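Observations on the three-dimensional arrangement
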There are 6 protein chains.
Amino acid sequence: MIYATRRETFSASHRLHQDNLTEEENSNLYGKCNNKFGHGHNYILEVVVAGEIDPATGYLIDLKKLKSIIRENVIDKLDHHHLNFDVEFMQGIIPTTENLAVEIWKQLVDKIPHGKLYSVKIFETENNYIEYKG
Amino acid sequence: MIYATRRETFSASHRLHQDNLTEEENSNLYGKCNNKFGHGHNYILEVVVAGEIDPATGYLIDLKKLKSIIRENVIDKLDHHHLNFDVEFMQGIIPTTENLAVEIWKQLVDKIPHGKLYSVKIFETENNYIEYKG
Amino acid sequence: MIYATRRETFSASHRLHQDNLTEEENSNLYGKCNNKFGHGHNYILEVVVAGEIDPATGYLIDLKKLKSIIRENVIDKLDHHHLNFDVEFMQGIIPTTENLAVEIWKQLVDKIPHGKLYSVKIFETENNYIEYKG
Amino acid sequence: MIYATRRETFSASHRLHQDNLTEEENSNLYGKCNNKFGHGHNYILEVVVAGEIDPATGYLIDLKKLKSIIRENVIDKLDHHHLNFDVEFMQGIIPTTENLAVEIWKQLVDKIPHGKLYSVKIFETENNYIEYKG
Amino acid sequence: MIYATRRETFSASHRLHQDNLTEEENSNLYGKCNNKFGHGHNYILEVVVAGEIDPATGYLIDLKKLKSIIRENVIDKLDHHHLNFDVEFMQGIIPTTENLAVEIWKQLVDKIPHGKLYSVKIFETENNYIEYKG
Amino acid sequence: MIYATRRETFSASHRLHQDNLTEEENSNLYGKCNNKFGHGHNYILEVVVAGEIDPATGYLIDLKKLKSIIRENVIDKLDHHHLNFDVEFMQGIIPTTENLAVEIWKQLVDKIPHGKLYSVKIFETENNYIEYKG
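The present account deals with the structure reproduced in this document. (Residues numbered from 1 in each chain as written. Chains lettered and ligands numbered in written order. Predicted model: local features only at pLDDT ≥ 70, side-chain atom pairs only at ≥ 80, totals over all residues. Heavy atoms only, no water.)

Attention now goes to the overall build of chain A. The secondary structure content of chain A amounts to three helices and five strands. Each helix and strand of chain A, ordered N terminal to C terminal, gives the series β-α-β-α-β-α-β-β. Dimensions of chain A, computed from the C-alpha atoms along their principal axes, are close to 60 × 25 × 25 Å. Taken across its 134 residues, chain A has 61% of its residues classed as buried. Taking the intrachain contacts of chain A between residues at least 6 apart in sequence as the baseline, contacts between residues at least 24 apart amount to 66%. (Helix = DSSP H or I, 4+ residues; strand = E, 2+ residues; numbered from the N terminus. Buried < 20%, exposed > 50% of the residue type's maximum accessible area, 1.4 Å probe, protein only. Contact = heavy atoms within 4.5 Å.)

Have a look at this one:
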């Protein structure tokens, strides 16, 4: 079993807030991540594909192709956008890094041409990151 | 001459947009940084103080004190905020990294207890950064 | 299954040495890590919690809470201390990174409020690191 | 179960090219990695050994010894060499990072004195890496 | 005075060798960098422009434009190429990092639309880098 | 003018403490850096040499030689040692990073074979660093 990882970055903003909670409940739950005008991050995304090496090419998957797939399906929709307001696949979803990892998984899982999607990892800051394995 | 640097980070959002320009002019000028709902970054701030070593302590400046000064005057006002809407010292200023560096300089220049403020450096992304030397 | 990681750092000193061995045996076993006056590191600690996303919050675990738990139970006891002499939970234990990881695991395993402790990873230097999974 | 990792680096050049394919097939398959004169990378290698802590030493494996084993068997043969032309264990093998990881595994798997080889990870660039687990 | 930096990367191979020296002289001078088949690096390039902030935009220079200028004039010519054989602006020049920095400076110095080129910095490895200021 | 930098690392311990001060004065001055048993760091050292490129070699200075000079004169004396107790050139000197930078400068300034020593930079942690320019 071999694992190929592609790292991409995107800059986005978000606000952790639930309309069905009171101001105080939101503040208790999300602290400064609930600040009224939102904030943002340079997210780092690592996508891992697992499988066998194709002896005809020496590749598990051409990482240039994986890069294009990630950019088209994920990065172009997230980069320089606001997770609460103008990212279609995040509509109605609390934009925590956990939920973002799950939704990015859903965008990619059917589009991997060789091997299978193994993991989606997102660094929200240099100290906090989330990994989802489906 | 000796130089002491303290590194801090903050997460903020912004939008590059001027009300006195048309939509098209804003878009031409700022590209995806002009996207309607804004975006954000994990900014990295490096503050450099220059001076002489105090022989009584072996310090140019106690970096624990410099950390407190930067957090009180800069980080607490920027972290998890929106540069366009809820950062007092950025009101009325186009929130480019260049302008942000100049305004951070102004917040700090009179508050350095030993040595003099030498440089304010801000990494907006891992590929783009600005340094201001007053 | 989702995994949430919190990264913390601490600076500590240690000496690899066993009183029941001769000087030569200690030197053969630990090399320069046995130097008489000890040495130190900027350790990087990564704590991984595994579990399910709570749909009420979008979190596996609030990483601000995990940060407080790690700081109170681990970092405050290690940072700027000497692993051989003034860290209670390391008393009588050879302060290798392997043993340190196991003891940090013990400090944390019962204190994780959501999900379960999955891994404790310690970087001793940029080239050497240890991971313990219980 | 505990995991000990040693990180090493080497600088090498390579060209992705198969003699049994036409120029156009090679170009379609490998893109700029097929450029005629080759190119190179600062590869980062991480070797992970898994096992139990030896209570007599506090080590899973002495990382100074693991370092020597990796340097003698792998780094000295790769560093400042050309993967296509003057690395014996890569002769006749397409020098993709996937194949390189497998061949490095073969060089090391029988030479680990304590614990077992668990993983060989290679970063080809800061955005692309491969992990092989045997 | 404000300084704006753009960071780019490229992967290239080279060999330090002078035809007018004997094998032994080349080997004494360049060591393993003289190995017959060459080797390569992931070079990191940082280009610094110095000037004043344009009050009409808040920019010293649009870093998206600086990125395009660097890619067109430098990166596209170096990335996945061999500095000795297929980079036009390095023909006849010993491909040390020092000389590479000077030649990259020459490619860029007349093409900066706002401000002036201040520095070209190249990291050959994580431990060795060169800066040229014209 | 061209600048060549070599990066090295060393692990050492220290304690900030002056015998001529009371316990309380030491504690006020140095905080947790005064803790009784000391602590340690993975210091990162960057040594910068400035000068002209030698047209006969393409080098400002052979960085392999600079590496040997730094290791022999600085790293071998500091690595895995205690700055207060077993580093000869630090005897009688408060082991702040500022003083350490000055003393490393003194060790190196007369030993640079080409160009001149320009700067000694030490990262004590990822957030604090000192630069000395003589």
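The subject of this paragraph is the pairing of strand β1 (residues 2-14) of chain B. With twelve of 13 residues buried, β1(B) is to be regarded as a mostly interior element. In terms of strand pairing, β1(B) meets strand β2 (residues 39-51) of chain B through 13 bridges, oriented antiparallel. Note that in β2(B) the partner of Ala12(B) across the bridge is His41(B). With five bridges connecting them, β1(B) and strand β5 (residues 128-132) of chain F associate as antiparallel partners. Bridging from a neighbouring strand, Ala4(B) pairs with Ile130(F) of β5(F). Sheet topology note: the β1(B)/strand β3 (residues 81-82) of chain B ladder contains two bridges and is parallel. (Pairing = 2+ DSSP bridges.)

Here the focus is helix α2 (residues 63-78) of chain F. All names here are of chain F. Its maximal kink placed at arginine 71, α2 deviates by approximately 50°. Those residues of α2 that fall on the buried side of the exposure criterion are Leu63, Leu66, Ile69, Ile70, Asn73, Val74, Ile75 and Leu78. Two to three positions downstream of the cap, the backbone nitrogen of lysine 64 sits 2.9 Å from a side-chain oxygen, assigning the N-cap of α2 to aspartate 62. Just beyond α2, the residue with positive phi is histidine 80, at close to 65°. (Bend = angle between axes of the 7 residues up to and from the residue. Polar contact = N/O pair within 3.5 Å; in protein donor to acceptor, adjacent residues only side chain to side chain.)

Turning our attention to the relation of the copies chain E and chain F. The operation linking the two copies of the chain is a rotation about an axis combined with a translation along the axis. Mapping chain E onto chain F leaves a residual RMSD of 0.0 Å; the transformation is a rotation of 120° accompanied by 0.0 Å of translation along its axis. Accordingly, the operation relating the two chain copies is best matched by a three-fold axis. If distances are taken from each C-alpha of chain E to the rotation axis, the shortest is found for Glu126(E), at 9.0 Å. (Least-squares fit on C-alpha atoms with pLDDT ≥ 70 in both.)

Below, the discussion takes up unusual backbone geometry. With phi around 65°, His80(C) is a residue other than glycine that occupies positive phi space. With respect to the helices and strands, His80(C) occurs in the loop between α2 (63-78) and β3 (81-82).

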